[in-house]
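What the coordinates show
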Amino acid sequence: MDALALHRLQFAFTITFHYLFPQLTMGLALLIVVLKTLALRTGDEHYAASARFWARIFAVNFLLGVVTGIPMEFQFGTNWSEFSRRTGGVIGMPVAMEGIFSFFLESAFLGLFLFGEKRLSPKAHWASAFLVFCGSWISGFFIIVANAWMQHPVAYHILPNGLFEVDSFWALMMNPWAWLEYAHNMSGAVITGAFVMSSVGALYLLQGRDVEYGRTFLKVGVVAGLISCATQIFPTGDLHGKYLAKHQPAAIAGMEGLFHSEKGAAMVVLGQPDFEHEKIDNPIAFNKVLSFLIYGTFSSEVQGLDQTPRDQWPTTLPLLFYAYHIMAGLGTYFVGLMGLAGLLLWRGQLYRSRWILWPILLSFPLPYIANTAGWMCAEIGRQPWVVYGLVRTSAGYSTHIGAGTSLFTLLGFLGMYSLLSILWIVMLYNFIQSGPRSLSHETAGHSLTAA
Amino acid sequence: MGTLWFWIIALMLAAYVVLDGFDLGVGIVYLFVAKTEQNRQLALRSIGPVWDGNEVWLLAAGGTLFFAFPLLYASAFSGFYLPLMMVIWLLILRAIGIEMRSHAHDAMGRSFFDAVFAFASLLLALFFGAALANVVRGVPLGPDNYFFLPLWTNWRTGAQPGILDWYTVIGGVLAVLALAMHGSLYLALKTEGDLEQHAFRWAGKLWPAVLLVTAISLPATVLARPNSLVNYRTHPLDFLAPLMVVLSLGVIRSAIRAGKALRGFLGSCVYLAAMLSGAAAGLYPVLLPSVGGAGQDLTVARAIASPHTLHIGMVWWTIGMLLALMYFSIMYWLFRGKVSQHSEGHGH
């Protein structure tokens, strides 16, 4: 592999691993606020204990998110120095703002939330949970602003020396792409949080232990899951697709496997792309549905890959095609599962219906897969550009870092992250086994340090 | 505007060194100062609620550097590729050490993670010291403003230095000693009983070593980069920094003798800040000096982002910092006082 491929692989690997953690913490942060609100409203100790239990799981995932997030900020400079030099004046701004506006907020109030339940009044403790939630959601926003600018550059001009300069701060923050991507991304994060919470609830009910907590986790998880699964498809996913068709036609053509422009294009649900003959093998397709989804009429023409010069096709098309289909397929499954669970909850049968508790228990890894696939769609779809239409990825990497050096650090990350995965799984297993009842005041802080 | 951003970033780095410095320092002396299980728990609890917030200063400074001096960010981060990757791995290991220790159920697991925490803290301090020394000494910048340094060469400074040479090793050792003393004083401030006594004793032992290596480092800097003195000659006010270094070392000494932990710790904060501002004063307006013939110094004027960008940045940076200072005040106020052995229901 050449140096460019290795730099890309390293960044892809480290960011994919990193994003396992924030998607859970951003989702859980919201659900913890819900639990704390229930505790404050009802004065019921078991809601407070539930919040404490999830705070502990939050803390471990937060820590892993922080330590795997540090490499991301560094890698802009270490591996993508030309990209950083040219666009730093624009993209460095949201990156720096994330640090200053959200990390400080999050880390300070997480300390208070975990260690301060005894020192603070219930309302102040609720407020610290709320501020942790704000911090983690603001953090997501700034990162999405940075990514959205790479997807859809706005509010910039290029100086004579090739550097990018911001025209308008507000236009940068109000990039419509950023808001769409943010809404879609955050509802994806809530899905992860909701599925993990429901899964633990289902586990407790199936095991017949901590039943009271199991019910609470299921109730909160299923309601949040139902809402977030629905918003994930409509309006956020739907609008995102339409926007993509308008601004990155090659990306959506690659995702759908549409090689040739077509009027009344079909939506392929299953199939294997054949790149040599530019067709889909064994397709199961709905006629004209793609045209309808994108333009609202069944006869509109959808741009195929043939409209884009071949040297501007996304560089890893098969991966893009499959990532999209995995994301969309799982999304459909999520709506079905949560819809059914929601119906049973409403009719008061959910806690007794073991046949649905099993799939809820087993589905917790699926949102991780769907969200990862979603990110891959966005990032592979943008290729071969690092800044869409303006800077090619091949012009952005650190040319004086050799392939061998990049391979060395890639292997280092592989080793380090394998270790992290093992520790993470062991730790979560232990938390879930010991259960919410084992936690008294202040022991939630247990998990961010010793004692 | 460039000058302002130069000092903003220097200030943020100083905040990082002073704050994360004490929890790194606790890590360095941890195995020696806290020998019993109870004392180790106390030592970790003294940094528990604050260490990851302290680390955020590094990220915030890095982000600010990225947007205010994109060229410096691109050049320095890619030039120091390997050492930075190792810093990342050490930061991860250290966090794992702290985190996993509390979940280890037996003595073997605990001592293993204790060692990981201590080892990673020590190496981090060494790396940060060496890194700063690299910046002060200069790097072989090419005509394209980039460079790539080998990890080790013949240990001499000059046209083709390595990341580790005699000068940067002094920087690394000084950082380890200074942060070890800083951490000991923090422990003395935050704990009581025999742990407090041990911490004072270690601070007392470290003080002469810090004094000695500080004294060596000042002439060594002039030898490694004679231009460091230029600013001092033209702006005699800069001599305030070395003066503060000497004064604060005196204050630390007397505080250790008198058993006044707070005074000692504050003295140590001033010492670290004065050392850093002394280095920054010697560098300005250069950000990354060039050695060898090919390139020219990376200066504030060459590396700075456009005025419009910086103007926008100043607005939100100021707001963000005021907020951050507020959070930190609340944090440190709520967790003020000594970590006690009994009062909190932390236990197992």
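Heads up: the structure comes first, above all this text.
Here's a quick rundown of the structure. (Residues numbered from 1 in each chain as written. Chains lettered and ligands numbered in written order. Predicted model: local features only at pLDDT ≥ 70, side-chain atom pairs only at ≥ 80, totals over all residues. Heavy atoms only, no water.)

1. Regarding the overall build of chain A
Looking only at helices and strands, one finds 14 helices and eight strands in chain A. The C-alpha atoms of chain A give a radius of gyration of 23 Å, which matches the 22 Å a tight globule of 451 residues would have. For chain A, the C-alpha atoms occupy an extent of roughly 65 × 50 × 40 Å along the three principal directions. Burial status across chain A gives 62% buried among its 451 residues. Pairs at least 24 residues apart make up 77% of the contacts formed inside chain A by residues separated by at least 6 positions. (Helix = DSSP H or I, 4+ residues; strand = E, 2+ residues; numbered from the N terminus. Rg over C-alpha atoms; globule rule 2.2 N^0.38 Å. Buried < 20%, exposed > 50% of the residue type's maximum accessible area, 1.4 Å probe, protein only. Contact = heavy atoms within 4.5 Å.)

2. A closer look at the overall build of chain B
Counting secondary structure elements, chain B contains 13 helices and two strands. Relative to a compact globule of 348 residues, whose C-alpha radius of gyration would be 20 Å, chain B shows 20 Å and is just as compact. Each principal axis of the C-alpha atoms in chain B carries an extent, and together these give about 60 × 40 × 40 Å. Counting over 348 residues, chain B shows a buried share of 61%. Within chain B, contacts between residues at least 6 apart in sequence are counted, and of these 78% link residues at least 24 apart. About 13,400 Å² of surface is accessible on chain B, with carbon and sulfur atoms providing 73% of the total. (Areas by Shrake-Rupley, 256 points an atom, 1.4 Å probe, with all protein chains shown as cover.)

3. Overview of a nonpolar patch on the surface
All names here are of chain B. A cluster of nonpolar side chains, Leu 237, Leu 240, Leu 243, Met 244, Leu 247 and Val 270, forms an exposed patch at the surface whose accessible area comes to about 570 Å². Element by element, the count of residues in the nonpolar patch is highest for helix α10 (residues 240-258), at four residues. Structurally, Leu 237 is set in the loop between α9 (228-234) and α10. (Patch = residues over 30% accessible without salt bridge, like charges linked within 9 Å, V, L, I, M, F, W, Y side chains within 5 Å. Salt bridge = Lys/Arg side-chain N within 4 Å of Asp/Glu carboxyl O.)

4. A look at the interface of chain A and chain B
Contacts between the two partners involve 72 residues from chain A and, on the opposite side, 70 residues from chain B. Taken together, the two surfaces of chain A and chain B that pack against each other cover about 6,600 Å², and 77% of this comes from carbon and sulfur. Where chain A packs against chain B, one counts zero salt bridges. Where chain A packs against chain B, one counts twelve residue pairs in polar contact (both at pLDDT 80 or more). Going through the elements one at a time, α3 (45-78), α4 (81-115), β2 (164-166) and α14 (403-434) of chain A are the ones with two or more residues in the side of chain A that touches chain B. (Buried area = accessible area lost by both parts, 1.4 Å probe. Polar contact = N/O pair within 3.5 Å; in protein donor to acceptor, adjacent residues only side chain to side chain.)

5. Let's talk about the nonpolar core
Residues Trp54(A), Phe69(B) and Trp316(B) are the most contacted members of the largest nonpolar core, which totals 276 residues. Contacts of Trp54(A), omitting those with residues within four sequence positions, involve Leu28(A), Ile32(A), Leu35(A), Val196(A), Met197(A), Val200(A) and Phe217(A). (Core = buried A, V, L, I, M, F, W, Y, C linked by side-chain atoms within 4.5 Å.)

6. Topic: the side chain of Thr87(A)
Note on placement: Thr87(A) falls in helix α4. Excluding anything up to four places from it in sequence, Thr87(A) contacts Gly92(A), Trp149(A), Phe164(A) and Val387(A).

7. Side note on helix α5 (residues 81-101) of chain B
The first and last C-alpha atoms of α5(B) sit 30 Å apart over 21 residues, in line with the 30 Å expected at 1.5 Å per residue. Burial analysis of α5(B) places 19 of its 21 residues in the buried class, the great majority of the element. (Expected span 1.5 Å × (residues − 1).)

8. Focus: the pattern of salt bridges
Inspection of the entire model under this criterion finds 18 salt bridges over all chains. Among the ionic pairs, Asp311(A) bridges to Arg392(A), the shortest N-O distance being 3.3 Å. In this pair, Asp311(A) sits in the loop between β6 (301-302) and α11 (317-346) while Arg392(A) sits in strand β8 (residues 391-392), placing the two residues 81 residues apart along the sequence. One network of salt bridges, in which partners are shared, links Glu37(B), Arg40(B), Arg101(B), Arg110(B) and Asp114(B).

9. Side note on the pairing of strand β5 (residues 279-286) of chain A
Residues and elements named next belong to chain A. Sheet topology note: the strand β4 (residues 267-274)/β5 ladder contains six bridges and is antiparallel. Counterpart to Pro 273 in the pairing with β5 is Ile 280. Linking β4 to β5, which pair antiparallel, is a turn of four residues; within it Glu 278 sits at a positive phi near 55°. (Pairing = 2+ DSSP bridges.)

10. Remarks on α4(A)
Between its first and last C-alpha, α4(A) extends only 40 Å over 35 residues, short of the 51 Å set by a 1.5 Å rise per residue. Along α4(A), the sharpest kink reaches roughly 90°, centred on Gly88(A). (Bend = angle between axes of the 7 residues up to and from the residue.)

11. Observations concerning the packing of aromatic side chains
Counting across every chain of the model gives 62 aromatic pairs over all chains. When the ring of Phe74(A) is compared with that of Phe77(B), the centres are 5.4 Å apart and the planes differ by 65°; the resulting orientation is edge-to-face. With Phe74(A) in helix α3 and Phe77(B) in helix α4 (residues 70-79), this residue pair bridges two chains. Here Phe74(A) and Phe77(B) have matching classes, each one buried. Judged by centre distance (5.3 Å) and plane angle (5°), the rings of Trp126(A) and Phe130(A) are stacked. (Phe/Tyr/Trp six-rings, centres within 6.5 Å; stacked < 30°, edge-to-face > 60°.)

12. So, unusual backbone geometry
Residues and elements named next belong to chain A. Cis peptide bonds are those with omega within 30 degrees of zero, and the linkage from Phe 234 to Pro 235 qualifies with 10°. In this fold, Pro 235 is placed in helix α8 (residues 211-247). Of note, the bond from Gln 383 into Pro 384 is cis; its omega dihedral lies within 30 degrees of zero at 0°. At Asp 210, a residue that is not glycine, the phi angle is positive and equals roughly 45°. For Asp 210, a relative accessible area of 8% corresponds to the buried category.

13. Quick word on the side chain of Asn54(B)
Summarising the element assignment, Asn54(B) is placed in helix α3 (residues 51-68). Excluding residues that lie within four positions of it along the chain, Asn54(B) makes contacts with Tyr16(B), Leu19(B), Asp20(B), Phe22(B), Asp23(B), Phe328(B) and Tyr332(B).

14. Side note on the packing of helix α1 (residues 2-33) of chain B against helix α7 (residues 166-190) of chain B
Residues and elements named next belong to chain B. Look at α1 against α7: their axes get within 6 Å of each other, and the N-to-C directions meet at 85°. Considering their axes alone, α1 and α7 lie roughly perpendicular with respect to each other. Between α1, through Val 17, Val 18, Gly 21, Phe 22, Leu 24, Gly 25, Val 26, Ile 28, Val 29 and Val 33, and α7, the contact on the second element is made entirely by Val 176, Leu 179, Ala 180, His 182, Gly 183, Ser 184, Tyr 186 and Leu 187. Broken down by class, the residue content of the contact of α1 with α7 amounts to 13 nonpolar, five polar and no charged. (Axes fitted to C-alpha atoms, helices over the stretch in contact; angles between N-to-C directions. Parallel < 35°, antiparallel > 145°, perpendicular 65-115°, else oblique. Nonpolar A, V, L, I, M, F, W, Y, C, P; charged D, E, K, R; others polar.)

Geometric values such as these leave the question of function open.
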